[in-house]
Amino acid sequence: MSGGGLGLAIAPAPAFGEADLSNCEREQIHLPGSIQPHGALLVLSEPELQIVQASENAAGMIGVGEDLLGRRVADLPGDLGARLAPELRWPLDQIPTALRCTLGPDGRAFDAMVHRTLASGLIVELEPAGPPLALSEPVEAALKAIVAAPALRPLCDEAARLFKEISGYDRVMIYRFDEEGHGEIFAEAREPALEPYLGNRYPASDIPQIARRLYVRNRVRLLVDLDYVPVPIRPQRSPLSGTDLDMSLCALRSISPIHVQYLRNMGVTATLVASLVVGGRLWGLVACHHYSARLLQYELRLACELLAEAVATRITALESFVRAQAELAVRRIEQRMVDAIGRDGDWRSALFDSSQPLLQPIQATGAALLLEGQVLTGGEVPSTPQLRELGAWLDRLPRAPVHATASLSLNEPRFAPLREVASGVLAVPVSTLPGEYLVWFRPERVRTVAWGGDPTKAVLVGDDPSSLSPRRSFARWYQLVEGTADPWAPAELGAARLIGESVADMILQFRSVRMLIAREQMSEVQAQVRLADQPVLLADASGTLLLMNDAARALLPRGYAPLERLADLADLVVDDAAARRNLRSLVDEQRSWRGEVELATGEGAIRRLQIRADPVLSTPHRILGFVVLLTDLTERQEVEAARRRFQSGILDLNRLSVLRLDNHADLIFRNLLATVIGNAQLAALEITDGVDLARMPELLESVRVSVSRSKELLEHLVWRAAEGGRPH
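Asks: For this particular structure, what's the right way to read helix α10 (residues 384-395)?
Replies: Because an α-helix packs 3.6 residues into every turn, residues spaced three or four apart end up facing the same way. Between its first and last C-alpha atoms α10 spans 17 Å; for 12 residues at 1.5 Å apiece the expected length is 16 Å, and the two agree. Inspection of α10 places L387, L390, G391, W393 and L394 among the buried residues, and these make up the whole buried set. When α10 is viewed along its axis, its buried side chains cluster within an angular range of 160 degrees and face the same direction. For α10, the elements touching its buried residues are β14 (366-371), β15 (374-379), β16 (403-405), α11 (408-411), β17 (424-429) and β18 (437-442).

Asks: Where do I start with the side chain of T117 in this structure?
Replies: Structurally, T117 can be placed in the loop between β5 (108-116) and β6 (122-128). Contact partners of T117, with chain neighbours within four places excluded, come to I123 and D246.

Asks: What should I look at first to understand the packing of aromatic side chains in this one?
Replies: The geometry of two aromatic rings is summed up by the distance between their centres and the angle between their planes. In this structure the tally under the stated criterion is two aromatic pairs. Taken together, a centroid distance of 5.4 Å and an interplanar angle of 85 degrees make the contact between Y175 and F177 edge-to-face. There is no split in this pair, since Y175 and F177 are both buried. Between W393 and F415 the ring centres are 5.7 Å apart and the planes differ by 70 degrees, which places this aromatic pair in the edge-to-face class. Of this pair, W393 sits in helix α10 while F415 sits in the loop between α11 and α12 (419-422); the two residues are 22 residues apart in sequence, bridging distant segments of the chain. Positioned above the aromatic ring of F186 is the side chain of R153, whose terminal nitrogen or guanidinium carbon lies 3.8 Å from the ring centre. Taking the ring centre of Y169 as reference, the NZ or CZ of R294 above it sits at 5.4 Å.

Asks: When you look at the nonpolar core in this model, what are you seeing that I'm missing?
Replies: Nonpolar side chains tend toward joint burial in soluble globular proteins. Core analysis: the biggest nonpolar cluster contains 71 residues, and F163 and I174 have the highest contact counts within it. If you tally residues by element for this core, the top one is helix α7 (residues 298-344), at 14 residues. Among residues more than four places away in sequence, those in contact with F163 are G168, V172, A274, V286, C288, C304, L307 and A308. Judged by nonpolar contacts, the second largest core, of 29 residues, contains V330, L351, A367 and I499.

Asks: Just to check I follow, could you spell out the packing of helix α3 (residues 136-148) against helix α4 (residues 152-167) for this structure?
Replies: The packing of two helices is summarised by the inter-axis angle and the distance between the axes. One can describe the packing of α3 onto α4 by two numbers: an axis separation of 10 Å at closest approach and a directional angle of 170 degrees. The angle between α3 and α4 places the two elements in the roughly antiparallel class. In contact with P138, A142, A145 and I146 of α3, α4 contributes L155, E158, L162 and I166. Here the contact of α3 with α4 is built from residues that sort into seven nonpolar, no polar and one charged.

Asks: Could you clarify how one ought to interpret the layout of surface pockets in this entry?
Replies: Unfilled space is identified by rolling a water-sized probe across the atoms. Put simply, the second largest pocket is a space of about 1700 Å³. Counting only elements with at least two residues in the lining of the second largest pocket, the list comes to α7, β17, α13 (490-517), β25 (593-602), β26 (605-619), β27 (622-632) and α17 (634-654). Ranked by the residues each element gives to the lining of the second largest pocket, the list is headed by α13, at 12 residues. Here the residues of the lining of the second largest pocket sort into 20 nonpolar, 12 polar and 14 charged.

Asks: Please clarify how the sheet that holds strand β4 (residues 97-103) should be interpreted in this entry.
Replies: Remark on secondary structure: sheet strands pair via backbone hydrogen bonds, oriented parallel or antiparallel. As summarised here, the arrangement of the seven strands in space is β1-β11-β3-β2-β6-β5-β4, forming an open sheet in which the pairing is antiparallel. Whereas interior strands pair on both sides, the edge strands pair on one side only; in this sheet they are β1 (34-35) and β4.

Asks: Got a minute to help me understand the pairing of strand β12 (residues 270-278) in this structure?
Replies: Consecutive residues of a regular strand have side chains that alternate between opposite faces of the sheet. Counting buried positions along β12 yields nine of nine residues, so the element is predominantly enclosed. Bridge count between strand β10 (residues 220-223) and β12: four bridges; the pairing is antiparallel. By the bridge assignment for β12, V220 is matched with A274. Sheet topology places β12 next to strand β13 (residues 281-290); nine bridges connect them, and they run antiparallel. Across the sheet, the residue bridging to T271 is H289, located in β13. Linking two consecutive strands that pair antiparallel, namely β12 and β13, is a turn of two residues; a positive phi of about 60 degrees is found at G279 within it.

Asks: I would appreciate a short explanation of the sheet that holds β18 in the present structure.
Replies: Read from one edge of the open sheet, five strands run β15-β14-β18-β17-β16, paired in antiparallel fashion. Every interior strand has two partners, whereas the edge strands, β15 and β16, have only one. Taking each pair of neighbouring strands and ignoring which way they run, the sheet shows an average axis angle of 10 degrees. One ladder, built from six bridges, connects β17 with β18; its direction is antiparallel. Within β18, the position partnered with L426 by the bridge is W440. Sheet strands in contact with α10 are β14, β15, β16, β17 and β18, and its direction is about 115 degrees off that of β18.

Calculation notes
Residues numbered from 1 in each chain as written. Predicted model: local features only at pLDDT ≥ 70, side-chain atom pairs only at ≥ 80, totals over all residues. Heavy atoms only, no water. Helix = DSSP H or I, 4+ residues; strand = E, 2+ residues; numbered from the N terminus. Expected span 1.5 Å × (residues − 1). Buried < 20%, exposed > 50% of the residue type's maximum accessible area, 1.4 Å probe, protein only. Arc of directions from axis to C-beta. Contact = heavy atoms within 4.5 Å. Phe/Tyr/Trp six-rings, centres within 6.5 Å; stacked < 30°, edge-to-face > 60°. Lys NZ or Arg CZ within 6 Å of the ring centre and 35° of its normal. Core = buried A, V, L, I, M, F, W, Y, C linked by side-chain atoms within 4.5 Å. Axes fitted to C-alpha atoms, helices over the stretch in contact; angles between N-to-C directions. Parallel < 35°, antiparallel > 145°, perpendicular 65-115°, else oblique. Nonpolar A, V, L, I, M, F, W, Y, C, P; charged D, E, K, R; others polar. 1 Å grid on protein atoms, 1.4 Å probe; cavity = no way out; pocket = protein on both sides within 12 Å on 5 of 7 lines; lining within 4 Å. Points joined across faces, edges and corners; volume = space filled by probe spheres on them. Pairing = 2+ DSSP bridges.

No statement about biological role is implied by the geometric values presented.
Below, the structure written as structure tokens:
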């Protein structure tokens, strides 16, 4: 504490092996200072490739008697130095590369995994090479099965089966995370004698956040034998950086003692975990368990990583398809509202005359519109006074595009009487005014959740009262969950936001029309239009501007004189000849205009906008004025750029270098890559079919990166099968 201020001291993150369950969330698991003994590790300085750190077992494993520290790799017996040389031109700081080499006086074959750290040099991990494996055909068949999976559940079931078949582990589980970080065993393949874990849930605390971040960086983690004796790295601190060696990307990295104890309590001896990364986020894990020691050689781990990438890509496609279907239902609602205006003069009848189209995309049992003091409802909903009270409660929450809860009574106990119809609440504001919301409801679903052990007893005291241990019992523990509804899925949240935006647009347009019809109410309605987030321009029958709200004014270049007429808008449009023509038709011929324009917003900046301009008629022959709504298409431009980058990246991947292998190996490689790219193209189609523009660039980039990773993994597999290493 300094300066007399008040503050809380933040305890330093515990070093590897020094954490307990009270602080394991911050354990420095990427700095273990040791490795598992089935391999050896060297740290090299560049460019001389001199050994500055080594695991204690390295000299013995290589077969040289003397200390390795200070020696140059080129002076070691074998071809490691020659194999390394062509790889050094690559960054190697995100994805390790792999090569086959020989070392030692007897020319022993090793698999070497190579990557760089930011400050501590080149890390080379060595594992004795296993026998050649014929993996091309089973991998190709597995990739095709993954691409063919029609939905999430069969995909995960098939993935568990494929991983078990290829890896040979006793149990394979597809582990899916929910929005709160809790995990669920979503699919499972196991030996018949083993107890089933399918459907079990595990608390988020079982996997600390630091471990989750490492799962995103290092996609496959292997534990060969729970009872291994860690092999220290000497010296402990890097001579290059003066710090502990960052082993985030190391395959041999020692496992946290807390995690080892956790697995011991489960009765597990060996594991392989592959990450499922969807849209840059950790969606889940493929967790493989074995009940005796098991060393999976590099080629098989490579195949597992490749299949995990393919599964993640397919998940992206399937989830995007679900979102696209929800968004299609939203567009149908929009059309119903437009049709209702022409038929009844009021869009609200489209929402509630038949409420199923409003409820189905959200999977809700009831909905209510709170607007201008009125309450319209459909399906099972609370009473009108309760709905008004709910609207007042929503007003007190921080403003957000979507408010969602699956447990209203837990968030606000006074709403406990509503839980039979409204345990789940999903609300979107439909204007900037207080109390105006479109709200969906779900009833309480009393259900029994199966946990893999009592989640409330994750910490147990051992024989020593001062020690803490992960829970020892993983017997299925059942929890009766009350006061909650089924959680809202991301696709449902997206659909609700889109429906809310459509309704908000309709409300804004109607309020704009009212402003023109009822000039005496100008001051009240004008404030509503002025506060709207969407740019709006209102003009009288001659085209003279009556109102340009703040959102529209923000599009003008700095210091630009206020517009006086609708025609002045054309001066800011890059293609003003076409704009003048369309604006003239709008004013002179009362012809609606739908299109896109590029607006010069100053200092060379250009913003693409969607324009929706309509005449407002009191009778077929009497014009009151014009309403112009503008929508910023920046997100759409970013999506187009992302789509171009994706297609360019895929084309680049197809421009393959000659592999210097025989025609058969080259054909295998091309066939496997074609399957991977086909999977990615399907995912991209599903992603770009949606209208949730905000996430499209991120999802497309995730798929592109996944294909790039998969191509490199395929190269390693084919090179390994054809000639036992990377070409040189």
